[in-house]
Amino acid sequence: MKSLKCFILLSTVTIMGLTGCNTDYTSNIGKQPFTNILNIPEILEPTIDENGVKHFALTMQEGTTEFFKGKQTKTWGINGSYLGPTIRVERGDQVAFDVTNNIGEPSTLHWHGMHLPAEMDGGPHQMIEAGSTWEPYWTINQPAATTWYHPHLHGKTALHVYRGLAGMFIIVDEESKSLPSNYGVNDIPLIIQDKLFSEDGNLIEKTDIEPFGLMGNTILVNGTYDPYLEVKESQIRFRLLNGSNARAYHFGFDDGRTFQLVANDAGLLDSPIELDQMMLSPGERAEIVVSFEPGDETIFRSFKGENGIDQNEFELLKIVASDNLKETKEIPKILTKEQKSEVPTNAKVRTFELTMDSKINGKAMDMNRIDEVVHANTTEIWEITNRGWDHNFHIHDAAFRILDINGELPPIYERGRKDTVFIPSGSTVRIAVQFGENTNPSFPLMYHCHLLLHEDEGMMGQFVIVEPRTEDEVPKNLHNNEHNQHH
Ligand code: C2O
Ligand code: CU
Ligand code: CU
């Protein structure tokens, strides 16, 4: 299967060196000196108004970043030159944002993993024109999770994210506080991205390399090249975000040490799971807790996989534990009591077919077409079959659980609350999707492949959430629909 895939790839792709096949084996194993201190994005402090609403200001801007000593790289960032600050809020908080676009061209800002009204979601219908400010607001109404934000304009998401527009958005609740929660000390974000750089240190922006999109040979973690981190406590929670355009990683440690998986994309697991490796495809997140002995040195790395998007291996971050480690309290055996939604026996089943030409069910994304109409507060089964290259699948505003992959239970590290799932080439994945209470018959939410080239090419569909029996309020064509314009 694998060699067949590679064969097709090589015969159809012209830029041979970048196909991700064995001809282009990329690795930095044993080559990293680990000379730079890992950047930890700052927490963005809100201003709190008289109603208790937390206001955050985000500005998308152009800048230059020194990834390599003495070389300035042109980048984009949010409130800075590359990536954005970490937003951290509590479940139940009312939040409001001023998102200002100073990058000189239109963009959007989407809250990936957030349960919110469709009008606040920041998808392709919520363009922020150059020089203007978008002001979404909502109430945080979901369990603790590591989510993120990034642009989502139709056709150019890959480039905008690649240039550096992305950041982490952490939701905290009572349960999540029983895990290490001291940000930057024992609770560390790791945003992993692969890049291609030219000799002069600038980003090579070939984000449209087929079949998967750009796969770089240089790794940045939180925007730091060749990073190391000194830890001072015996247990560290890492929040992993695969913020790459196309690449997937099998994360683990070079000394084979195990770690505890405590959360998938959309929330805590019932109980920690001990693992030595786990895979994240683009857009996916995980929280892990790693134990250290005084003086430990280990390299957090990725291992070779067998799919098209995970064939290379990289050293990502060197971690050094200080000689005097503060004892962190043990992590609880039960992490959350959050009820799993039962799948009703008469659950609505929808099928989605992902094809080689970046279409879903034979259709390319059309901003004017609503593809699916979903009822509020229901659980549905979505059955996704991949008949093309590797893809994954992400749904806005909703969390899901994987029921099976080709009729079998998913890997042990993919059994919690999720919002993005890897769909290996040739496989069928069934997920139970829990839709919430926010309805809007004329403002669509997205589902799509999170390989950003595929998303840009049109591997995306639109759904609306409505009260049962209000289907006739769904417009036939969104064009000329006022609800659709940004406010
Ligand atoms: Cu991370 Cu529709 O996006
Ligand atoms: Cu999303
Ligand atoms: Cu895809």
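Quick summary incoming for the structure in this document. Given the structure is predicted, the values throughout are model-derived calculations rather than measurements.

### Some words on the overall build of the protein chain
Scanning the protein chain for helices and strands turns up three helices and 32 strands. For 487 residues, the compact-globule estimate of 2.2 N^0.38 gives 23 Å, and the C-alpha radius of gyration of the protein chain, at 21 Å, lies within 12% of that figure. Summarising its shape, the C-alpha atoms of the protein chain cover approximately 65 × 60 × 50 Å along the three principal directions. Long-range pairs, those at least 24 residues apart, make up 76% of the contacts in the protein chain with a sequence separation of at least 6.

### Observations concerning the coordination of the copper ion (ligand 3)
Protein ligation of the copper ion (ligand 3) involves His391 (ND1), Cys449 (SG) and His454 (ND1), the donor distances falling in the range 1.9 to 2.1 Å. Mapped onto the sequence, the donors of the copper ion (ligand 3) take the spacing H-x57-C-x4-H. Taken as a pair, His391 in strand β27 (residues 391–395) and Cys449 in the loop between β31 (445–448) and α3 (452–457) lie far apart in primary sequence, 58 residues in all. You can call His391 buried: its relative accessible area is 0%.

### Side note on unusual backbone geometry
Glycine aside, the phi torsion of most residues is negative, and most peptide linkages are trans. Look at the link from Glu210 to Pro211: it is a cis peptide, with omega at 0°. The backbone phi angle of Asn79 is positive, close to 60°, even though this residue is not glycine. One non-glycine residue, Arg469, lies in positive phi territory at about 70°. Relative to the assigned elements, Arg469 resides in the segment after β32 (460–466). Judged by its relative accessible area of 74%, Arg469 is exposed.

### Concerning the pattern of salt bridges
Inspection of every chain in the model, using the stated rule, returns 29 salt bridges. Of the charged contacts in the structure, one is a salt bridge between Arg91 and Glu338, with a shortest N-O distance of 3.3 Å. With Arg91 in the loop between β5 (87–90) and β6 (94–102) and Glu338 in the loop between β23 (314–326) and β24 (349–354), this pair connects stretches of sequence that are 247 residues apart. Its relative accessible area of 31% is what places Glu338 among the partly exposed residues. For Glu313, the salt bridge is made with Arg301, and the minimal N-O distance between the two is 2.7 Å. Here the residue Glu313 occupies a position in the loop between β22 (297–303) and β23, and Arg301 occupies one in strand β22, the gap between them amounting to twelve residues. The exposure class assigned to Arg301 is buried, which follows from its relative accessible area of 10%. Each of Asp265, Glu284, Arg285, Lys418 and Asp419 takes part in salt bridges that share partners, so that together they form one network.

### Quick look at the sheet that holds β27
Within the open sheet, the five strands sit side by side as β25-β32-β31-β27-β29. Their pairing is mixed. Where the open sheet ends on each side, the last strands, each with one partner, are β25 (372–375) and β29 (420–423). Strand-to-strand twist in this sheet, taken as the mean axis angle between neighbours without regard to direction, amounts to 30°. The pairing of β31 with β32 spans four bridges and is classified as antiparallel. Bridging from a neighbouring strand, Met446 pairs with Gln462 of β32.

### Things to note about the pairing of β25
Of the two faces of β25, the one holding Glu372 and Val374 is buried and the one holding Val373 and His375 is not buried anywhere. One ladder, built from four bridges, connects β25 with β32; its direction is parallel. In the strand pairing of β32, Val374 is matched with Ile465.

### Here's the deal with the environment of Lys333
Considering the arrangement of structural elements, one finds Lys333 in the loop between β23 and β24. In sequence terms Lys333 and Gly388 are 55 residues apart; their C-alpha atoms lie 40 Å from each other. Apart from the residues within four sequence positions on either side, Lys333 is in contact with Asp270, Ser271 and Pro272.

### A few points about the coordination of the copper ion (ligand 2)
Listed as protein donors to the copper ion (ligand 2) are His110 (NE2) and His394 (NE2); their distances from the metal cover 1.9 Å. Pair noted here: His110 is in strand β7 (residues 110–112) and His394 is in strand β27, with a separation of 284 residues, a long-range link. For His110, a relative accessible area of 1% translates into the label buried. Its relative accessible area of 1% is what places His394 among the buried residues.

### Quick look at the nonpolar core
It is characteristic of soluble globular proteins that their nonpolar side chains tend to be buried jointly. Counting residues in each nonpolar core, the largest one holds 76 residues, and the members touching the most others are Leu190, Phe238, Phe300, Trp382, Phe393, Ile395 and Ile431. By residue number, the principal contributor to this core is β23, which donates six residues. In this structure, Trp382 is in contact with Arg350, Phe352, Val374, Phe393, Ile395, Val429, Arg430, Ile431, Val433, Phe435 and Tyr447, ignoring residues within four places of it in sequence.

### A word on the sheet that holds β7
On the basis of which strands lie adjacent, the open sheet formed by four strands has the order β5-β11-β10-β7 and mixed pairing. This sheet does not close on itself; its edge strands, each paired only once, are β5 and β7. Adjacent strand axes in the sheet meet at a mean angle of 25°, parallel and antiparallel pairs treated alike. Pairing of β5 with strand β11 (residues 167–172), which is carried by four bridges, proceeds in the parallel orientation. Its bridge partner lying in β11, Ile87 is registered against Phe169.

### Some points on the environment of His125
Note that His125 resides in the loop between β7 and β8 (133–134). We classify His125 as buried; its relative accessible area is 8%. Along the backbone, His125 and Asp255 are 130 residues apart, and their C-alpha atoms lie at a distance of 47 Å. Separated by 2.6 Å, the side chains of His125 and Gln462 make a polar contact.

### Describing the environment of Thr218
Tracing the sequence through the fold places Thr218 in strand β13 (residues 218–221). A sequence separation of 21 residues divides Thr218 from Phe197, and the C-alpha atoms of the two residues are 7.5 Å apart. Setting aside chain neighbours within four positions, we find Thr218 in contact with Phe68, Gln193, Asp194, Lys195, Phe197 and Tyr225. Among the polar contacts listed, one links the side chain of Thr218 to the side chain of Asn217, at a separation of 2.9 Å.

Criteria and cut-off values
- Residues numbered from 1 in each chain as written.
- Chains lettered and ligands numbered in written order.
- Predicted model: local features only at pLDDT ≥ 70, side-chain atom pairs only at ≥ 80, totals over all residues.
- Heavy atoms only, no water.
- Helix = DSSP H or I, 4+ residues; strand = E, 2+ residues; numbered from the N terminus.
- Rg over C-alpha atoms; globule rule 2.2 N^0.38 Å.
- Contact = heavy atoms within 4.5 Å.
- Donors = N, O, S within 2.8 Å, 3.2 Å for Na, K, Ca; no water.
- Buried < 20%, exposed > 50% of the residue type's maximum accessible area, 1.4 Å probe, protein only.
- Salt bridge = Lys/Arg side-chain N within 4 Å of Asp/Glu carboxyl O.
- Pairing = 2+ DSSP bridges.
- Axes fitted to C-alpha atoms, helices over the stretch in contact; angles between N-to-C directions.
- Core = buried A, V, L, I, M, F, W, Y, C linked by side-chain atoms within 4.5 Å.
- Polar contact = N/O pair within 3.5 Å; in protein donor to acceptor, adjacent residues only side chain to side chain.

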